[in-house]
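Summary of structural features
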Amino acid sequence: MKYVMIYHANLNYAYLTPDNYEFVIREAYEMTIDTMRKQFPGTKYVFEASGYTVEMMEKYAPAVVEKLKAAIADGSCEFMGSPYAHPMLPNFPEKDCAWSLEFSHRIYDEVLGMRPVSFWNPECGWRDYVPRMIKNAGYKYLAGDFESYSRCENGPNGGPQRPEIYAKEATKEKNFYNFDFKYDLPADDYALHYPFNHVHDLGEDELRVFLRSDRVCQYAVRYFMGMEGYSHEDYLKTIDRYSGDREGQGEGALVIFADDAEYIGTNGWFRLKYQNEPDRVFEKVPDAQEKLIALVTAVKERGEFITFAEACKLAPNTQPITWDDDAAWHGARASTWASTPMARMLRPWQDLIREKLNLIEADLPVLVSERIWYHLTNSYNSDGQWPPTLPHAPHIIHPFNYAYCYENLLTAHHLVGGVDFEGLDSDAAETLGEVVDMQSRLILKKAKKLQAGGTEAEKADAVLAERLLAVAIEKESVRGRKTLDAGEYMVRADAMVEARRLVGGIVIEKAEAPVDVQSSAPETVCQRAGWSGVTNMKKRILSLVALGFLSVQMGLAASPEAQPNILLMLADDLGYRDLSCFGGTAVQTPNLDRLAKQGTTFTHFYSASAVCTPTRASVLTGRYPLRFNITRHFNDIDGFLPEAATTVAEVLRDAGYTTIHVGKWHLGGLHVDESGRRLTDQPGPRQHGFETYQTQIEQQPLRTAMGKGRTIYRKGGTVLLRNDQRVGADDPYYPKHLTEANGDFALQRIEECAAANKPFFLNLWWLVPHAPYEPAPEPYWSETAADGISEDQHCFRSMVRHMDAKVGQILAKLDEFGLATNTLVLFTSDNGAAYEGNIGELKGGKTDLHDGGTRVPMFVRWPGKIPAGRETDAFGSTIDLLPTLCEVAGVALPGDLSVDGTSLLPHMTGGAAPDWAQRGTVFWQLDLYKQIQRHYPKPKPYATEVVRSGKWKMLSRQGIPVELFNIDADPNEKRNLLSRHPERATAMAGQVRAWLAEKRITDGVIAKSSEEN
């Protein structure tokens, strides 16, 4: 079996605006072209784009066009053509559509220097003139749709073309989608694998047609979007399921991807279309390249990739082929695209202009005539009149897309000398109401609720939202007008969107019960998505909501009373300047940057220690590590966090949370016996409140050996410990890279908690970017290559990039299940940078108590609660996390629990920062590490304690002052003020000595060890 991939590029896309064109071109089109060239040289694929798309690519990213031309020239890429502005051809006369093809051809000649031989018919729409028009335009091969072919009622013989499929899957209802795959299609079905050479109304071989099928191609989209149930393995099973050569016909081909190229690299408008999230469009999908590489690699093992033209040259079917007039892909009707409110209003105006143009064209100069046709056919762009506005998906048409159609049509109107609107029965006010009223009512309902019972800030926002809604739904000023001016619409649409933001988003009302579905056929891709038996868009959305496969929400996904989920992520040895959102330039971290931008960033946040173990103890307990006699990192032999310590996991577990730990632990208790069972002589994650965990065995000499051999990451899956048992070689996580294993386990747990509808506390502690520095897998290794850097630095950058990508997947998973708005996500690091990390201008580094060893990046997101895009210089510490997270959960601290930190939640949500009078003095302690984990000597004089009070920071050694800094005026700790303020140093030394003398819990044995931590 041979395979075909068609990347359908379309910048005339709903909700895609010109300010995002270059982003989409780079993240989707260029990434795909580069991946195929670099990873799979010589492997063939198809890139399709309209004339408009190619023109915009040349305008916004000419270098990408050059890459495309090079791929075409070397034969690896076949370029496929389509109409200029992506119109639905069947909804307009043949002459109009022929002009749209001509305008594309002119761009192809000018920009690409070629004419394609294969044609992409938008939405595979059909009228009887379509094949003749395509053939007359010079095309030899046409992409068709299997579902509309197989459900055709008026075949060449007068009856259903495929009666066995028609009987099970055809419907008379008009709809946008019909993924009702009840017929058990044989793997070797001739229509899937071989071209047709006898097309309706044409002679034999005048035009060949090859079919793509949603049975495979819709699975592809959901695979790239990371939808539940559409894994890499399941996608391959689907491909294998339909890869059957027909006996006696020779080798066939299968189209495995023929859909929007934007879905490989960005999320397109997938989340709006299928998850009712209108503000989540054209975002970067971090793992798209990884998925593309995995897919192409696996399929190449099954067979050769060929171009569409080559597929059309295979031994043909002898059966004639046609489609019903008005057919479209996805089993839909073309006319349904013409039935949206905007389309119904614009169509009569288009008809009047066309009628007048046909009357006067012979008297017009050629250039004027062509210009009119250009603007008229541009106004046919289907996405400028899309999406439909339905009760259970009340989306609006994007103002830019509508303006594209309206302004082109208005230009054509003036060029023909104007037309008389008197005969039109359209009313702009009625159209406006159809588009904006349904969603506006939902927003108004939320605003009223907030005004009655919200906070003062929420009430103020709700009042403003109500005023904006009055703008959005105002219609009297346009009543009676035959057309709706693009500016009038933009003002109303923008007002509604802002009102929606002010109330924190709206929840789409859900169906009361799922649609009843009966099918005896094997489970299909669409049945797994809850789409079986759905024959129009309204029912499709209702069934998806009721079956729980779709998060039908815009903004807040949970009721205000729901306990929020908590995701705490801790990096290992990540320096203050290592992330691009903290000013780093060595490696880009777009997902963490986005997380920071969507929340509040703390620029003066500190770890409770300059090494690993003590900080981790402070995170879990809210107490100084010294309270448990933890004065350095554990040696993986005899140190552990005492079981008597009360942890945040225990508090949240007892309050009904599912508690999960994933990743590095380094708090003891991770030794195993010969059978791989965890030894019980020391407490482990479960004894500290985590019901479920997955970590690495921390046992000598194993851990040191893997570190020296630089295999901790690459063979990380081989030493996983999950719920007190080492994973075996048959475990799916066993062959995984450690970062993949940690990220994927977190993703699984999120899905489970979403299904159980139970709040979770997910404690995700990455090992990244702790040494040993190992190369991350592709594409992260290649993405971080740079001239003039060491091998270790390259490894470091690739590791951080890899972690960032997994964070992106996790954030996407929260979005997918509608959890993002009710989940607090916090990211920080356990200490400052080690060897390859970046501390910026700070002093010291890991193992040193200057700020380079303890000041770390931190940001926190909780949509609707914590302001987005905010930066604060308020002091914060890892000892503050337990009280903060407990307040987030609405859980009171146990009466007998004493903590050293204070809750930061009031400040996170917009209140004042805790002042130093409230907080008191803050302490650090660390046994002496004479060697700093940096590429330079440790700063002298050495210190073992720090005391901080407001702007003053004093470092001491065994209670004896050695340095004093005004940290506000001297953040890089260059001016030791000890001799100038001896009385202050004396007072602070007394405080630190008193603190050192306080009682400690000494159940955990602390032993001296090497500096590998």
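Residues numbered from 1 in each chain as written. Predicted model: local features only at pLDDT ≥ 70, side-chain atom pairs only at ≥ 80, totals over all residues. Heavy atoms only, no water.

So, on to the overall build of the protein chain. Counting secondary structure elements, the protein chain contains 34 helices and 25 strands. Relative to its length of 1013 residues, the protein chain is compact, with a C-alpha radius of gyration of 32 Å against a globular reference of 31 Å. Overall, the protein chain is about 100 × 70 × 55 Å in size when its C-alpha atoms are taken along their principal axes. Long-range contacts, defined as pairs at least 24 residues apart, comprise 76% of the intrachain contacts of the protein chain with a sequence gap of at least 6. For the protein chain, the accessible area works out to roughly 35500 Å², and carbon and sulfur atoms hold 50% of it. (Helix = DSSP H or I, 4+ residues; strand = E, 2+ residues; numbered from the N terminus. Rg over C-alpha atoms; globule rule 2.2 N^0.38 Å. Contact = heavy atoms within 4.5 Å. Areas by Shrake-Rupley, 256 points an atom, 1.4 Å probe, with all protein chains shown as cover.)

Quick look at helix α16 (residues 366-378) now. For α16, built from 13 residues, the straight-helix expectation of 18 Å at 1.5 Å per residue is met to within 8% by its first-to-last C-alpha distance of 18 Å. By the burial criterion, the buried members of α16 are Ser369, Glu370, Ile372, Trp373, Tyr374, His375, Leu376, Thr377 and Asn378. Considering only its buried residues, α16 is in contact with α2 (51-60), α4 (94-112), α15 (341-360) and α17 (399-415). (Expected span 1.5 Å × (residues − 1). Buried < 20%, exposed > 50% of the residue type's maximum accessible area, 1.4 Å probe, protein only.)

UniProt's entry tags residues 564-891 with the feature "domain: Sulfatase N-terminal" (unreviewed entry), counted in the numbering of this structure. Helix and strand shares over residues 564-891 are 29% and 18% respectively, and the end C-alpha atoms of the span are 11 Å apart. (UniProt positions renumbered as here; feature names shortened; annotations may be inferred.)

Time to look at the domain arrangement of the protein chain. Structurally, the protein chain comprises domain 1 (1-335), domain 2 (339-501) and domain 3 (564-995). A straight line from the C-alpha centre of domain 1 to that of domain 3 covers 47 Å. In this assembly, 14 residues from domain 1 lie in contact with 18 residues from domain 3. Counting the surface domain 1 buries against domain 3, the share from its top three residues, Glu228, Pro286 and Glu290, is 38%. Linking domain 1 to domain 3 there are one salt bridge. Among the ionic pairs, Arg280 bridges to Asp815, the shortest N-O distance being 2.3 Å. If you look at where domain 1 meets domain 3, you find three residue pairs in polar contact (both at pLDDT 80 or more). Of all elements in the fold, only α11 (270-275) and α12 (288-300) reach the threshold of two or more residues within the side of domain 1 that touches domain 3. Per-class residue counts for the side of domain 1 that touches domain 3 are two nonpolar, four polar and eight charged. (Domains from an automatic or database assignment. Buried area = accessible area lost by both parts, 1.4 Å probe. Salt bridge = Lys/Arg side-chain N within 4 Å of Asp/Glu carboxyl O. Polar contact = N/O pair within 3.5 Å; in protein donor to acceptor, adjacent residues only side chain to side chain. Nonpolar A, V, L, I, M, F, W, Y, C, P; charged D, E, K, R; others polar.)

A word on the nonpolar core. Core analysis: the biggest nonpolar cluster contains 159 residues, and Phe47 and Tyr489 have the highest contact counts within it. Of the residues forming this core, the biggest block, nine residues, is contributed by helix α18 (residues 428-453). Counting residues domain by domain, this core receives three or more from each of domain 1 (1-335) and domain 2 (339-501). In contact with Tyr489, other than residues within four places in its own chain, are Met342, Ile396, Ile397, His398, Pro399, Tyr402, Leu432, Val435, Val436 and Leu484. (Core = buried A, V, L, I, M, F, W, Y, C linked by side-chain atoms within 4.5 Å.)

Once that is clear, we can look at the packing of α18 against helix α20 (residues 486-502). The contact between α18 and α20 brings their axes to 10 Å, and the two run at 15°. Here α20 runs roughly parallel to α18, going by the angle between their axes. You can see that α18 and α20 cross each other, and the crossing is left-handed. Here Leu432, Val435, Val436, Gln439, Ser440 and Ile443 of α18 lie close against α20, whose contacting residues are Tyr489, Arg492, Met496, Ala499 and Arg500. For the contact of α18 with α20, the class distribution of residues is seven nonpolar, two polar and two charged. (Axes fitted to C-alpha atoms, helices over the stretch in contact; angles between N-to-C directions. Parallel < 35°, antiparallel > 145°, perpendicular 65-115°, else oblique. Left-handed = near helix turned anticlockwise from the far one by under 90°.)

One open sheet accounts for three strands, arranged β4-β5-β6; its pairing is parallel. Each edge of the sheet is formed by a strand with only one pairing partner; in this case those strands are β4 (118-119) and β6 (208-212). (Pairing = 2+ DSSP bridges.)

What sets the pattern is the α-helix's 3.6 residues per turn: residues three or four places apart point alike. End to end, α4 covers 26 Å across 19 residues, agreeing with the expected 27 Å (1.5 Å per residue, within 8%). If you check which residues of α4 are buried, you get Asp96, Cys97, Trp99, Ser100, Leu101, Phe103, Ser104, His105, Ile107, Tyr108, Val111 and Leu112. Two residues or fewer after α4 comes Gly113, characterised by a positive phi angle close to 70°.

Further remarks concern the packing of α17 against α20. The geometry of α17 relative to α20 is characterised by a closest axis approach of 9 Å and an angle of 175° between their N-to-C directions. Judged by the inter-axis angle, α17 sits roughly antiparallel to α20. For the pair formed by α17 and α20, the contact residues are Pro399, Tyr402, Ala403, Tyr406 and Glu407 on the first element and Ala486, Tyr489, Met490, Ala493 and Asp494 on the second. Classifying every residue of the contact of α17 with α20 by side-chain character gives eight nonpolar, no polar and two charged.

All right, on to the side chain of Ser50 then. Counting through the fold element by element, Ser50 comes out in the loop between β2 (45-49) and α2. Among the polar contacts listed, one links the side chain of Ser50 to the backbone oxygen of Tyr84, at a separation of 3.2 Å. Beyond its immediate sequence surroundings of up to four residues, Ser50 is in contact with Ala9, Ser82, Pro83, Tyr84, Ser104 and Tyr108.

Glancing now at the packing of aromatic side chains. In this structure the tally under the stated criterion is 47 aromatic pairs. Measuring from centroid to centroid gives 5.4 Å for Tyr21 and Tyr60, while their planes differ by 85°, and the two rings are edge-to-face. Linking Tyr21 in helix α1 (residues 21-39) with Tyr60 in helix α2, this pair joins segments that are 39 residues apart in sequence. According to the relative accessible area criterion, Tyr60 is partly exposed, its value standing at 26%. Aromatic ring contacts, followed pair by pair, group Tyr21, Tyr52, Tyr60, Tyr84, Trp99, Phe103, Trp373, Tyr374 and Tyr404 into a single cluster. Cation over ring: Arg371 sits above Tyr374, and NZ or CZ is 5.0 Å from the ring centre. (Phe/Tyr/Trp six-rings, centres within 6.5 Å; stacked < 30°, edge-to-face > 60°. Lys NZ or Arg CZ within 6 Å of the ring centre and 35° of its normal.)

Okay, the sheet that holds strand β21 (residues 870-877) next. Taken in spatial order, the 10 strands make up an open sheet running β17-β16-β15-β14-β18-β12-β19-β20-β13-β21, and their pairing is mixed. The open sheet has two free edges, formed respectively by β17 (725-726) and β21, since each of these has just one partner strand. When strand β14 (residues 658-663) meets strand β15 (residues 692-696), the two strands line up parallel, connected through three bridges. Paired with Val662 across the two strands is Gln694, which belongs to β15.

In this section: the pattern of salt bridges. Applying the stated criterion to the full structure yields 69 salt bridges. Put simply, Glu783 and Arg801 hold a salt bridge, and the shortest N to O gap is 3.2 Å. Of this pair, Glu783 sits in helix α28 (residues 780-783) while Arg801 is found in helix α29 (residues 791-816), placing the two residues 18 residues apart along the sequence. On the basis of relative accessibility, which here comes to 13%, the residue Arg801 falls in the buried class. Each member of the salt-bridge network shares a partner with another, and the members are Glu22, Arg26, Glu30, Asp34, Arg37 and Lys67.

Note that Gln725 resides in strand β17. The sequence separation of Gln725 and His802 amounts to 77 residues, and the corresponding C-alpha distance is 27 Å. If sequence neighbours within four positions are ignored, Gln725 has contacts with Ser675, Gly676, Arg677 and Leu720.

Another aspect to go through is the side chain of Thr658. With respect to the helices and strands, the residue Thr658 is situated in strand β14. Taking the relative accessible area as the measure of exposure, Thr658 reaches 16% and is therefore buried. Thr658 has contacts with Glu691, Cys753, Lys758, Pro759, Phe760 and Phe761, leaving out every residue within four places of it along the chain.

Among the surface-exposed residues, Val471, Met490 and Val491 lie close enough to one another that they form a single nonpolar patch of about 230 Å² accessible area. Residue position: Val491 is located in helix α20. We classify Val491 as partly exposed; its relative accessible area is 46%. (Patch = residues over 30% accessible without salt bridge, like charges linked within 9 Å, V, L, I, M, F, W, Y side chains within 5 Å.)

On to unusual backbone geometry. Leaving glycine aside, a negative phi is the common case for residues, and trans is the common case for peptide bonds. Note the cis peptide between Glu778 and Pro779, where omega equals 10°. Position of Pro779 relative to the elements: it lies in the loop between β18 (760-765) and α28. Cis geometry is found at the peptide bond from Lys940 to Pro941, where omega equals 5°. Considering the arrangement of structural elements, one finds Pro941 in the loop between β22 (922-925) and β23 (945-949). Phi at His666 takes a positive value of approximately 55°, unusual for a residue other than glycine.

Take the pairing of β22 next. Burial along β22 is two-sided: Val922 and Trp924 facing one way and Phe923 and Gln925 facing the other are all buried. Pairing between β22 and β23: four bridges, direction antiparallel. Within β23, the residue paired with Phe923 across the bridge is Val947.

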